[in-house]
Each structure stands twice: as C-alpha cells, then as structure tokens.
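So you can see what is in the structure, the chains are spelled out below.
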Amino acid sequence: MNRFPRVMGMRSGYDPVEVDALIGRIEATLGRGPRELAQVTADDVRGATFRAKRGGYQETAVDFALEAFVVALETRAKSPVRLAMTEPTGEMLREEWFEAQAARVERVAFRPGRMGTGYNEDEIDAFLDRIVATLRGTTDYPVTAKNVREAKFSTVLLRPGYLIADVDSFLASIADVLEQRA
C-alpha cells in the first residue's frame, strides 16, 4: 500500500514497509485499526527512525503526517476530563453543581496550537464567558448545547492560538452539561 508519495529516480526515502508498520500501530492505538497490534505513544512516534530505501517514501510527507499523529496521540492521552454527566444528588444542590461546572470552565487551560496554528484565543475566551453566564443563569441569551456543538471559530496562523483538538473535546463535554441546564 502506498500511503505517501515516493521519491523520484534513484534517490532514497523512508522504507515504506517500516513506515506502514508504524502507522498501522498508530491507527490501532487510536482505535482505527486491528487491536492486536502493539500500542504506541507520542514519544514512540517522535523517536521513530526508518532505514533509507531507494524509491522510498518522501521524508517530508511522512514527517508531516507523523507530527499530526503525535498531536492525535497526545490529545488522546491528555484529553480534558469529561465533566460529570449525572444530576447532583444528596448534599450538592442543582445550582451548586452548575456553579461548580462554571468554575471548571473558568479554570480550563488549553495547550497552544501546533506549528503556528490554532483557534483564535479571543473568540474562544468570549465563547467560554457566554457558557459560564449560561451555567450560572446570569444571561438573557443563554448558550444551548446545540450552539456549542455547531460553533465555528476562526483559526490563526503564525500567532498564538489554542490547540484545536483540546478545544473541540472540551466543548463536547460542555455541550453535555448544558443539556442538563435546559
């Protein structure tokens, strides 16, 4: 299987068999491949080396794809903790539970985007402020779970931005919490 473009002529590139084997393990780790393959970590991918082979894969294309896989593996390993999904019972009253969720939104910290790209920080911060107001019941224009799931943000290049995968994962959790607020 040719996953990447190959080098031209008599030049050498990464050995396709070795690259394909590593990518198979990455896909299995991410839940997109056979589970019997050995799991890998982001550090395993960063430290991977491949033999040179005449007519192999273009190194730049493979390196770029591996960097994207590193981000996916890190996001999977360090994804934000899902917020509690059940209604509070016992000592904690309903409004106290939503206040606790609002405080968690205020404290969230996203990692910076990779290679100079990410979501516009100002847009995300403003949207999170609206979510906090909704959770606290202090706004006339509450954000709904549907609003959160359908939200679109601009991306920035070569400027500070939030890691897209972190934001998307966190907002998915918040949408589940907002469904209970309705």
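See the structure shown above.
About the thresholds
Residues numbered from 1 in each chain as written. Predicted model: local features only at pLDDT ≥ 70, side-chain atom pairs only at ≥ 80, totals over all residues. Heavy atoms only, no water. Helix = DSSP H or I, 4+ residues; strand = E, 2+ residues; numbered from the N terminus. Buried < 20%, exposed > 50% of the residue type's maximum accessible area, 1.4 Å probe, protein only. Contact = heavy atoms within 4.5 Å. Areas by Shrake-Rupley, 256 points an atom, 1.4 Å probe, with all protein chains shown as cover. Axes fitted to C-alpha atoms, helices over the stretch in contact; angles between N-to-C directions. Parallel < 35°, antiparallel > 145°, perpendicular 65-115°, else oblique. Left-handed = near helix turned anticlockwise from the far one by under 90°. Nonpolar A, V, L, I, M, F, W, Y, C, P; charged D, E, K, R; others polar. 1 Å grid on protein atoms, 1.4 Å probe; cavity = no way out; pocket = protein on both sides within 12 Å on 5 of 7 lines; lining within 4 Å. Points joined across faces, edges and corners; volume = space filled by probe spheres on them. Phe/Tyr/Trp six-rings, centres within 6.5 Å; stacked < 30°, edge-to-face > 60°.

Enquirer: Would you mind showing me how to read the overall build of the protein here?
Expert: If you tally the helices and strands in the protein, you get seven helices and four strands. Traced from its N-terminal end to its C-terminal end, the protein shows the element sequence β-α-α-β-α-α-β-α-α-β-α. Considering the protein as a whole, with its 182 residues, one finds that 39% of them fall into the buried category. Taking all contacts inside the protein whose residues are at least 6 apart in sequence as the whole, residues at least 24 apart take part in 80%. When the accessible surface of the protein is summed, it comes to about 10900 Å², and 54% of that surface belongs to carbon and sulfur atoms.

Enquirer: How should the packing of helix α5 (residues 121–136) against helix α7 (residues 164–181) be read in this particular structure?
Expert: Two measures define how a pair of helices packs: the angle their axes make with one another and the distance between the axes. Where α5 meets α7, the closest approach of the two axes is 11 Å, and the angle between their N-to-C directions is 20°. Relative to α7, the element α5 lies roughly parallel. Regarding α5 and α7, the two cross each other, and that crossing is left-handed. Residue-level inspection shows Ile124, Phe127, Leu128, Ile131, Thr134, Leu135 and Arg136 of α5 in contact with α7, the latter providing Val167, Phe170, Leu171, Ile174, Val177, Leu178 and Arg181. Grouping the amino acids of the contact of α5 with α7 by side-chain chemistry returns eleven nonpolar, one polar and two charged.

Enquirer: Whenever I open this one, the layout of surface pockets confuses me. Can you help?
Expert: Which parts of space are left empty comes out when a probe the size of a water molecule is rolled across the atoms. In this structure, the largest pocket encloses a volume near 210 Å³. Along its surface, the largest pocket is lined by Glu67, Ala68, Val71, Gly113, Arg114, Met115, Thr117, Gly118, Tyr162, Leu163, Ile164 and Ala165. Listing elements by their share of the lining of the largest pocket, those giving two or more residues are α3 (59–77), β3 (117–119) and α7. It is α3 that provides the largest number of residues to the lining of the largest pocket, a total of three residues. Split into classes, the residues belonging to the lining of the largest pocket amount to seven nonpolar, three polar and two charged.

Enquirer: What's the story with the packing of aromatic side chains in this structure? I'm lost.
Expert: The description of an aromatic ring pair uses the distance of the two centres, along with the angle that the planes make with each other. Taken as a whole and assessed by the stated rule, the structure comprises seven aromatic pairs. Seen from their ring centres, Phe4 and Tyr57 are 5.3 Å apart, and the 75° between their planes marks the pair as edge-to-face. One end of the pair, Phe4, is in the segment before β1 (12–14); the other, Tyr57, is in the loop between β2 (52–54) and α3, and 53 residues separate them in sequence. Each member of the pair Phe4 and Tyr57 is classed as buried. Both rings, one in Trp97 and one in Phe98, keep their centres 4.8 Å apart while their planes meet at 75°; by these two values the pair is edge-to-face. We note that Trp97, like Phe98, is buried. Within the aromatic cluster, the residues linked to one another by ring pairs are Phe110, Tyr162 and Phe170.

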